[in-house]
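Commentary on secondary and tertiary structure
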Amino acid sequence: MIPHETIDEVRQAADIVDIISDYLTLRQTGRSFKALSPFTQEKTPSFVVSPEKQIYKCFSTGKGGNVFSFVMEMEKVSFPEAVELVAKRSGMDISRFTSKNDAEDAKKDTRTDTLRWAARHFHSALEADHGSSGYAYLAAERGLSAATIKSFGLGYAPPGWDHLLHAAKKAGIEHKHLESLGLITENRQKKSWYDTFRNRVIFPIFSIGGQVVGFGGRTLEKSSDTPKYLNSQESSIFEKSKLLYGLNTAKNEIRTSGEAILVEGYMDVLALHQAGITSAVASCGTSLTRYQARIIGRYAKSVLFVYDADPAGKKSMMAGIDILLSENITPVILMLPPGDDPDSFVKREGREKFLAFARKESLSFLDFQIRFHQDAGAFRTPELKADAIGSMARTIGLTGDPVRRELYLQELSEKIGISLQALHEVLPAGNSGKRESAPPPPPGRAKQVKPVNTGPISVLEKTFVKALLESTAYGNVVLEFAASHEAMLTLRNPAAQHIFLHMIRRYHEISADPDARIDVATEIGLFGRPDAEDLATGLLMDQPVSNKWLEKTDLHGDSARRCLGMFLDAFKNLILEPLLDEKDRLTEAIRTEAETEKEIALSREKITLDKKIRTTALELSEMISAILERRQ
């Protein structure tokens, strides 16, 4: 278990803007940063990051949290795993709190732990004596260096039926995780299990943040009956259509250059990176999907397609052009010499010649499409040519930017000798670059576009919780008062009540140390309830309850007093609220009661309640005044 103090240290060492920038393109607006929400499809940025408060809030979906919450959302990992990932990203070593020391701990592994274990297992197998055939294939046959093999974590699955299964049992890995991740396969006839990957070199596939999410395996068998490539089975963790091989390594170079190189295979990525061309990624054995294009769009403004020049590769690039344009990414196409792929070309010619060839031979997407239709014979007759031109015009129509769309149409008009007016008439009516369908949101909590409705929260409860959270910046006075009067108060909103009880519990944990403080940005990630995280970040993103304190000279002290006063006032009204509700109920009951005796009884009950309300209000006011006087 990671101690609270260590979690605080990790959170304070991490810059939330820096971490989120690994996943989104943030643009500064005043004191905050904005981006398009990663949780839904939108054109106007509603995702806000506050570097001052170290929290984020998505106003489209209501989601919010701290740096740990964000990593949990994007990487689909548990809270301790998110802390570990953020720590590594921030240059901190917390392995002494996260390493598994015995089999009992290993049995508690999550699926992501199992994937990490499997990646280490495959890599160790590659470096062992029985991995010589795998190493020979990668190094001697495919020309990969030891540094590349290690950097990308390549591995080997021996030809035996239970090599991984036996090692997993020995390590205490749960069978259900191996099964759900597709690392083992059931033989139903024999009622037994065997390794899914056998006699294959293994390519671990990583999330954007560097988390192992699955594997690709290339067979070393010569038999034509054996599939050449085998991937992990689809799951909530491994979804091929939402992953790009090599992006975890390439993202920084792509962001710097503004261009991604998109290739087809694992070996193409590895060869280009080894040659020093580190902006290459692959679409994990699938045609480019809208979701993959959207991810690329977070880092790049253009994509250089370098697919195989065979008919299948050209068709894939034609479809990919439509997808990229619909995400406002500029497609550029590089056709390598016949018989070459990026792997073979860069190994033979080297980095500089590859880049020079790309500069000289790259085609705009319009030139590529014209050549594609010409080679297919689509310009032989007016009818075929009209169909081809209509197809190209509709592709241009997918562009969301009206200026770019008009410029592309002008360029196409000049290249094929068709009037601009005719091209406009080919476009679908009302076309404005709208997508046919939006990519689905990431799995997990992010699937819910609207926050879960757990009941209304009153203005009083909002004020109370907001003041409670903000007060931690000025010490423990508010928390101390709240803890000593906890029994008097129950908040009606479940998320608000959860935050209240969590903060009280944390105060009790640190109260023995007069100098101890609670970091509210860290605590958000420890709430353990998405609705509580969303509520807290939404409240903290608003103007502080003591927003006028900026005009004062004693900034910190005046802010603390205002925050305490606001909290105490909300506390008083929340205590009185149920009494006032009961008074309203009695008043209505008296008004509608037909029997005199019952009406008299209700009136007496109301008189007693009125006295209790006056007494309680007076006592609370005196108590609050005394507390505020002590703080002067």
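Look a little higher up for the structure.
Model, not experiment: these values are computed from the prediction.

**Topic: the overall build of the protein chain**
- In terms of helices and strands, the protein chain carries 28 helices and 16 strands.
- Relative to all contacts within the protein chain whose residues are 6 or more apart in sequence, the contacts with residues 24 or more apart total 67%.
- Put simply, the protein chain shows about 30,000 Å² of open surface, and 51% of that area lies on carbon and sulfur atoms.

**A short note on the pairing of strand β2 (residues 32–35)**
- Because side chains alternate across β2, one face comprises the buried residues F33 and A35, and the other comprises S32 and K34, none of which is buried.
- Direction of pairing for strand β1 (residues 27–29) relative to β2: antiparallel, over a ladder of 3 bridges. The residue of β2 that forms the bridge with T29 is S32.
- As paired elements, β2 and strand β3 (residues 47–50) share 3 bridges and run antiparallel to each other. Opposite A35, over in β3, you have F47 as the bridge partner.

**Focus on the layout of surface pockets**
- Roughly 860 Å³ of volume is contained in the second largest pocket.
- In this structure, the second largest pocket is lined by 28 residues; those nearest its centre are R27, L36, G297, R298 and E327.
- Within the residue set of the lining of the second largest pocket, elements represented by two or more residues are β2 and α14 (290–297).
- Looking at the lining of the second largest pocket, the element that brings in the most residues is α14, giving 3 residues.
- Each residue belonging to the lining of the second largest pocket can be placed in one class, and the counts come to 9 nonpolar, 9 polar and 10 charged.
- Both domains that meet at the lining of the second largest pocket, namely domain 1 (4–98) and domain 3 (247–376), each give it at least three residues.

**A look at empty space enclosed by the protein**
- Taken as a whole, this structure holds 2 cavities of 30 Å³ or more when the rule is applied.
- Forming the walls of the largest cavity are 20 residues, and the residues nearest its centre are M74, K76, I208, K242 and L243.
- Mapped by element, the contributors of at least two residues to the lining of the largest cavity are α3 (67–75), α12 (247–257) and α14.
- Residues belonging to the lining of the largest cavity are distributed by class as follows: 13 nonpolar, 2 polar and 5 charged.

**Some points on the sheet that holds strand β4 (residues 55–58)**
- Reading across from one edge, β1-β2-β3-β4-β5 is the order of the 5 strands in this open sheet, with antiparallel pairing throughout. Here the strands that pair on one side only, and so sit at the sheet edges, are β1 and β5 (64–65).
- Its contacts with the sheet put helix α26 (residues 530–541) on β3, β4 and β5, and the angle it makes with β4 is roughly 100°.

**Remarks on the pattern of salt bridges**
- Throughout the structure, instances matching the rule amount to 29 salt bridges.
- For D22, the salt bridge identified is with R89, shortest N-O distance 2.7 Å. Of the two residues, D22 is situated in the loop between α2 (16–20) and β1 and R89 in helix α4 (residues 79–89); the sequence distance between them amounts to 67 residues.
- For the salt bridge of K415 with E411, the shortest nitrogen-to-oxygen distance reads 3.8 Å.

**Quick notes on the packing of helix α22 (residues 459–471) against helix α24 (residues 494–510)**
- At their nearest, the axes of α22 and α24 sit 10 Å apart, and the two run at 30° to each other. If you check the angle between α22 and α24, you find them roughly parallel. In this structure, α22 crosses over α24, and the sense of that crossing is left-handed. Mapping the contact onto sequence places F464, V465, L468 and L469 in α22 and A496, I499, F500 and M503 in α24.

**Considerations on the packing of helix α23 (residues 477–484) against α24**
- Look at α23 against α24: their axes get within 9 Å of each other, and the N-to-C directions meet at 105°. When the axes of α23 and α24 are compared, the pair comes out roughly perpendicular. Residues L479, E480, A482 and A483 of α23 touch α24, and the partners they reach there are F500, M503, I504, Y507 and H508.
- A per-class count over the contact of α23 with α24 returns 7 nonpolar, 1 polar and 1 charged.

**Looking at α12**
- The set of residues buried in α12 consists of L247, A250, K251 and I254. Along the axis of α12, the buried residues cluster in a sector spanning 125°; they form a single face.
- With its phi angle positive at about 80°, G258 sits one or two positions after the end of α12.

**Section: helix α19 (residues 382–397)**
- An ideal rise of 1.5 Å per residue puts 22 Å on 16 residues; α19 measures up with 22 Å between its terminal C-alpha atoms.
- Residues A388, I389, G390, M392, A393, T395, I396 and G397 constitute the buried set of α19.
- Tucked into the core, α19 has its buried residues touching α15 (311–326), α18 (365–375), α20 (402–416) and α21 (420–426).

**A word on the environment of P158**
- Tracing the backbone shows P158 in the loop between β6 (155–157) and α10 (163–171).
- Separated by 36 residues in sequence, P158 and F122 have C-alpha atoms that sit 8.9 Å apart.
- Residue contacts for P158: discarding those within four places in its chain leaves A125, H130, H163, F197, R198 and N199.

**Overview of the sheet that holds strand β14 (residues 302–305)**
- Overall, mixed pairing links the 5 strands, which are arranged β13-β12-β14-β15-β16 in an open sheet. At either margin of the open sheet sits one strand with a lone partner, and together these are β13 (280–282) and β16 (363–364).

**Brief notes about the packing of aromatic side chains**
- Applying the stated rule across the entire model yields 20 aromatic pairs.
- Ring centres of Y23 and F70 lie 5.4 Å apart, and the angle between their planes is 75°; on these two criteria the pair is classed as edge-to-face. With Y23 in the loop between α2 and β1 and F70 in helix α3, this residue pair connects regions lying 47 residues apart in the sequence.
- With a centroid separation of 5.6 Å and 80° between ring planes, the pair formed by Y56 and F70 is classed as edge-to-face. Of this pair, Y56 sits in strand β4 while F70 sits in helix α3; the two residues are 14 residues apart in sequence, bridging distant segments of the chain.
- Accessibility expressed as a relative area gives 0% for Y56, which makes it buried.
- Among the aromatic residues, ring-to-ring pairing joins Y23, F39, F47, Y56 and F70 into one connected group.
- K251 extends its terminal NZ or CZ atom over the ring of Y23, reaching a point 5.9 Å from the ring centre.
- Here the guanidinium or amino end of K385 rests over the ring plane of F379, the centre of that ring lying 5.3 Å away.

**Description of the environment of R529**
- By secondary structure assignment, the location of R529 is in the loop between α25 (520–524) and α26.
- In this structure, the C-alpha to C-alpha distance between R529 and I499, residues 30 residues apart in sequence, is 9.2 Å.

**Considering unusual backbone geometry**
- Of note, the phi angle at K191 is positive, near 55°, even though the residue is not glycine.
- Tracing the backbone through its elements, the reader meets K191 in the loop between β7 (184–187) and β8 (192–195).
- Note on K191: relative accessible area 74%, which makes it exposed.
- Positive phi, normally seen in glycine, also occurs at N328, with a value near 60°.
- With respect to the element layout, N328 can be found in the loop between α15 and β15 (330–333).

Thresholds, definitions, all that
Residues numbered from 1 in each chain as written. Predicted model: local features only at pLDDT ≥ 70, side-chain atom pairs only at ≥ 80, totals over all residues. Heavy atoms only, no water. Helix = DSSP H or I, 4+ residues; strand = E, 2+ residues; numbered from the N terminus. Contact = heavy atoms within 4.5 Å. Areas by Shrake-Rupley, 256 points an atom, 1.4 Å probe, with all protein chains shown as cover. Buried < 20%, exposed > 50% of the residue type's maximum accessible area, 1.4 Å probe, protein only. Pairing = 2+ DSSP bridges. 1 Å grid on protein atoms, 1.4 Å probe; cavity = no way out; pocket = protein on both sides within 12 Å on 5 of 7 lines; lining within 4 Å. Points joined across faces, edges and corners; volume = space filled by probe spheres on them. Nonpolar A, V, L, I, M, F, W, Y, C, P; charged D, E, K, R; others polar. Domains from an automatic or database assignment. Axes fitted to C-alpha atoms, helices over the stretch in contact; angles between N-to-C directions. Salt bridge = Lys/Arg side-chain N within 4 Å of Asp/Glu carboxyl O. Parallel < 35°, antiparallel > 145°, perpendicular 65-115°, else oblique. Left-handed = near helix turned anticlockwise from the far one by under 90°. Arc of directions from axis to C-beta. Expected span 1.5 Å × (residues − 1). Phe/Tyr/Trp six-rings, centres within 6.5 Å; stacked < 30°, edge-to-face > 60°. Lys NZ or Arg CZ within 6 Å of the ring centre and 35° of its normal.

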